[in-house]
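Listed here are the chains, written in short residue letters.
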Amino acid sequence: MNIRHLEILEAIEETGTFTGAARKLHLTQSAVSHAVAELEQEARTALFDRLPKGACLTQCGMVLLEEGRGILNACRDLERKLSHLEENTPINVVSSITIASFLLPPILSRMKSLFPEIQINVRVVSANTSMEILKRGEADIAFWEGTEPQGAFRTIPLGVYKLYAACVTGYPLPEQPISLNWLCRQPLLLREPGSAIRDTFDSVLSLAGQRAYPVWESVNSSALVKAAEAGLGITVLPENLLADSLRKKGLQLVEVEGMAMENRMLAVLHKDKYLTRPMQIMLENISSSTL
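Computed from a predicted structure; not experimentally measured.

A. Summary view of the overall build of the protein chain. Scanning the protein chain for helices and strands turns up 12 helices and 11 strands. Compactness check: the protein chain gives a C-alpha radius of gyration of 32 Å against a globular reference of 19 Å for 291 residues, more than 25% above the reference. Its C-alpha atoms put the protein chain at 110 × 40 × 30 Å along the principal axes. Evaluated residue by residue, the protein chain yields a buried proportion of 43% over its 291 residues. Considering only residue pairs separated by 6 or more positions, the protein chain has 73% of its internal contacts joining residues 24 or more positions apart. Accessible area of the protein chain: about 15,600 Å², with a carbon and sulfur share of 52%. Across the protein chain, 29 positive and 33 negative side-chain charges occur, with their mean positions spaced 2 Å apart.

Shown next, in the form of structure tokens:
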């Protein structure tokens, strides 16, 4: 038995005759009769009562058709989806925490407006972990902060963001210029080791012979902003994540001598990866946008 047998069984039931079924399926009547004979031989029972003016399903025929309708409907649904298979294939995205906080949402919002039915799965992790996930093949594209990764990768620049130290308005700051040594002796509210933000800050300190001993470490930048606003210490975060609090005068920037920091943002994918049409459009949008 195959799908064509079930289609013929259904067509005879709907039209009431072998001739009608042949016309509906664009087959010859002999092809329909031959298929029914094959099916009845396989089932070892009659599936139709041959009547003077047509054909009627036997009880066994009705049972078989009822069981087969689910298969027929599933196949028809799959046929409808076949021409839009790429649009119905999920895109797996992994992103660093910072990029997911302000850059990724508008990118994915544009994708959903172009492909309303597409499923986009997102994992938000530390920058280093995001690249490991991409290398293992568990993501189609990674949004990453830092230098271009080594290996067979394609990268698309997304822009840069600057890092600043910030504290609550009224924090007791020394006379300018403020040194890195003074900053390291303050209660620091920092992102976790392995994050791009923390790695950049630690690199700046290391080059100056300094080291950070934070009183807070968090994967949540908003928590660090709130802690700084509460006067618990000084945080180091991207300008985008500090902007709202700076505008409301909850925080002020701390200008530290010799602490110019920025991180590059990149979209990264395997160089030889097959790109579905939605993926191609996503990359075209990223490449043509000023982010």
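Moving on from the coordinates now.
B. Focus on unusual backbone geometry. In this model, Arg44 sits at a positive phi of 60°, which is unusual for a non-glycine residue. For Arg44, the location among the structural elements is in the loop between α3 (29–43) and β1 (48–51). The class of Arg44 is exposed, set by a relative accessible area of 80%. Non-glycine residue Lys249 carries a positive phi angle of around 65°. If you trace the backbone, Lys249 turns up in the loop between α11 (239–247) and β10 (251–254).

C. Quick peek at a nonpolar patch on the surface. Together, Val215, Trp216 and Leu232 give the surface a local cluster of nonpolar side chains, amounting to about 270 Å² of exposed area. Note on Trp216: relative accessible area 35%, which makes it partly exposed.

D. Broad picture of the packing of helix α10 (residues 221–229) against α11. Interaxial distance between α10 and α11 falls to 10 Å at its minimum, and their mutual angle equals 35°. The hand of the α10/α11 crossing is right-handed. Contact residues: α10 offers Ser221, Val225 and Glu229, while α11 offers Leu241, Leu242 and Ser245. Looking at the contact of α10 with α11 residue by residue, the classes come out as three nonpolar, two polar and one charged.

E. Layout of the environment of Ser195. Within the secondary structure layout, Ser195 lies in the loop between β7 (188–191) and α9 (196–207). Distance in space between the C-alpha atoms of Ser195 and Val36 is 67 Å, their sequence separation being 159 residues. Here Arg198 takes part through its backbone nitrogen, which lies 3.2 Å from a polar atom of the side chain of Ser195.

Conventions and cut-offs
Residues numbered from 1 in each chain as written. Predicted model: local features only at pLDDT ≥ 70, side-chain atom pairs only at ≥ 80, totals over all residues. Heavy atoms only, no water. Helix = DSSP H or I, 4+ residues; strand = E, 2+ residues; numbered from the N terminus. Rg over C-alpha atoms; globule rule 2.2 N^0.38 Å. Buried < 20%, exposed > 50% of the residue type's maximum accessible area, 1.4 Å probe, protein only. Contact = heavy atoms within 4.5 Å. Areas by Shrake-Rupley, 256 points an atom, 1.4 Å probe, with all protein chains shown as cover. Lys, Arg positive; Asp, Glu negative; His and termini not counted. Charge placed at Lys NZ, Arg CZ, Asp CG, Glu CD. Patch = residues over 30% accessible without salt bridge, like charges linked within 9 Å, V, L, I, M, F, W, Y side chains within 5 Å. Salt bridge = Lys/Arg side-chain N within 4 Å of Asp/Glu carboxyl O. Axes fitted to C-alpha atoms, helices over the stretch in contact; angles between N-to-C directions. Left-handed = near helix turned anticlockwise from the far one by under 90°. Nonpolar A, V, L, I, M, F, W, Y, C, P; charged D, E, K, R; others polar. Polar contact = N/O pair within 3.5 Å; in protein donor to acceptor, adjacent residues only side chain to side chain.

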